[in-house]
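Architecture at a glance
Here are the chains, one letter per residue:
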Amino acid sequence: MRAVGIWTAAFGAGWFLIGLPTDPLYAFFWLWALTIAWRSHLPWRRHLAFARDWVPVVVLLAVYNFSRGFADNGTVPHVQELIDADLAMWGWATGGQVPTVWLQSHLYDPDSIRWYDVLASWVYFSHFVASLGAAVYLWLRSRPRWAKFMRRWFALSAAGLATYFIYPAAPPWWAAEYGYLTEEVARISTRGWHAFGMHGAGNLVNLGQYAANPIAAIPSLHTAFALFVVLFFLPTTRRRFWPLLLAYPLAMTFTLVYAGEHYIIDVLIGWAYVVVIFLLVGAGERWWSARRRTNSPGPDLDRRVECS
């Protein structure tokens, strides 16, 4: 466990000096280092096998992060439709305000950081490591399940990226900044860390927000990935733990809406993407499995070939 202790100390130092690992390459480095520390007794060829399998994954994630920044190239985003959708669904309960404005008017205090601000910042950060961490766990435990997980993960990312180009949509903070919402909306997804003096913890998050596409609200891949991880593990989890798992995408929804990052309509569309991806990829896997069984020689044919 000495190696894990060294990893923990190094991670803590990087956390305070550089920021939390939200970049895929940076997150991959720490996750790979953790697997080495956890299994330090294994030969190096086993550790290099992890890099061999994961380098293509990380490269594709880096390309995804880079390319989504071009989805807003000279385009006019959809704004009013999202506001109208949230008002139609929730305006009766919020006094005619979009949920983000209503939540911030009741909960946000610019002069004080509350416990739910801290919780929201941690939930927001979990988006960058939850699915990667789950994939690493599956790689260590079951390569077939890891491959199954990754097929859905890439399909969901590709569907989201395509939508950003086809239907660029602006989040609440953007709508308020450009006058579509008359009320002020603060972008507060990382402010909770300041309560612990961790002023640099969100450096990479803030840098990523600055460099990323600001009009990629539909679908909300933050909530989509949260639900995706939960649904993937739900069938193999005891039912008494289901409420705990399902609380995660709900907490992510509250965080994103409260922090000004998404409308509720973005969240619902993101969840719909997850369901469709699970159905389509599952159907594709069943078709491929049936095709392989059909094309493979049966035991009778194998015996005839041996006899001949």
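Residues numbered from 1 in each chain as written. Predicted model: local features only at pLDDT ≥ 70, side-chain atom pairs only at ≥ 80, totals over all residues. Heavy atoms only, no water.

Here's the deal with empty space enclosed by the protein
Threshold: Put plainly, a pocket is an open set of points on a 1 Å grid over the protein atoms alone with protein on both sides within 12 Å along at least five of seven lines, a cavity is a set where a 1.4 Å probe fits but cannot get out, and a lining residue has an atom within 4 Å of a point. Grid points are joined across faces, edges and corners, and a volume is the space filled by probe spheres set on the points. A run of H or I in DSSP becomes a helix once it reaches four residues, and a run of E becomes a strand once it reaches two; helices and strands are each numbered from the N terminus.
Scanning the model with the defined rule gives 1 cavity of 30 Å³ or more in all. Here the largest cavity is characterised by a volume of approximately 30 Å³. Together, S126, H127, A130, S131, H222, F225, A226, V229 and Y248 line the largest cavity. For the lining of the largest cavity, the elements supplying multiple residues, two or more each, are α7 (130–141) and α11 (221–233).

A few points about the environment of F29
Its location among the elements puts F29 in helix α2 (residues 24–38). Along the chain, F29 and A51 lie 22 residues apart, while their C-alpha atoms are 9.6 Å from each other.

Observations concerning a nonpolar patch on the surface
Stated precisely, the cut-off is as follows: Only residues whose relative accessible area exceeds 30% and that form no salt bridge are eligible for patches; like-charged ones are grouped when within 9 Å, while nonpolar side chains (Val, Leu, Ile, Met, Phe, Trp, Tyr) are grouped when within 5 Å. Computed by Shrake-Rupley with a 1.4 Å probe, the accessible areas treat only the displayed protein chains as cover when residues are assessed. Whenever a carboxyl oxygen of Asp or Glu lies within 4 Å of a side-chain nitrogen of Lys or Arg, that contact is scored as a salt bridge. Relative accessibility under 20% of the residue-type maximum defines a buried residue, over 50% an exposed one, and the middle range a partly exposed one, all with a 1.4 Å probe and only protein chains included.
There is a patch of nonpolar side chains on the surface, built from V55, V59 and V63 and spanning about 230 Å² of accessible area. Locating V63 in the fold gives a position in helix α3 (residues 44–67). Looking at V63, the relative accessible area reads 47%, which means it is partly exposed.

What to know about the pattern of salt bridges
Within the structure shown, the criterion is met by 7 salt bridges. Between R52 and D53 there is a salt bridge, with its nearest N and O atoms 3.2 Å apart. Exposure remark for R52: the relative accessible area of 55% places this residue in the exposed category. Across the salt bridge formed by R191 and D117, the nearest N and O atoms sit 3.0 Å from each other. One end of the pair, R191, is in the loop between α9 (172–177) and α10 (203–211); the other, D117, is in helix α6 (residues 115–126), and 74 residues separate them in sequence. Here R191 matches D117 in class, with each residue buried. Through salt bridges with shared partners, a single ionic network connects R52, D53 and R143.

Remarks on the packing of aromatic side chains
We count it as follows: For Phe, Tyr and Trp, rings pair up if their centres lie within 6.5 Å, where Trp contributes its six-membered ring, and each pair is then called stacked (planes under 30 degrees apart), edge-to-face (over 60) or tilted (otherwise). Throughout this description, the term charge over a ring refers to an Arg CZ or Lys NZ atom that lies within 6 Å of the ring centre and within 35 degrees of the ring normal.
A complete count under the given rule lists 18 aromatic pairs for this structure. Ring centres 6.2 Å apart and planes at 25° place the aromatic pair W153 and F154 in the stacked group. You can call W153 buried: its relative accessible area is 3%. For F154, a relative accessible area of 26% gives the class partly exposed. A connected cluster of aromatic rings, assembled from ring pairs, spans Y137, F149, W153, F154, F225, F228, F232, F233 and F278. Lying across the ring of F278, R152 places its NZ or CZ 5.7 Å from the centre.

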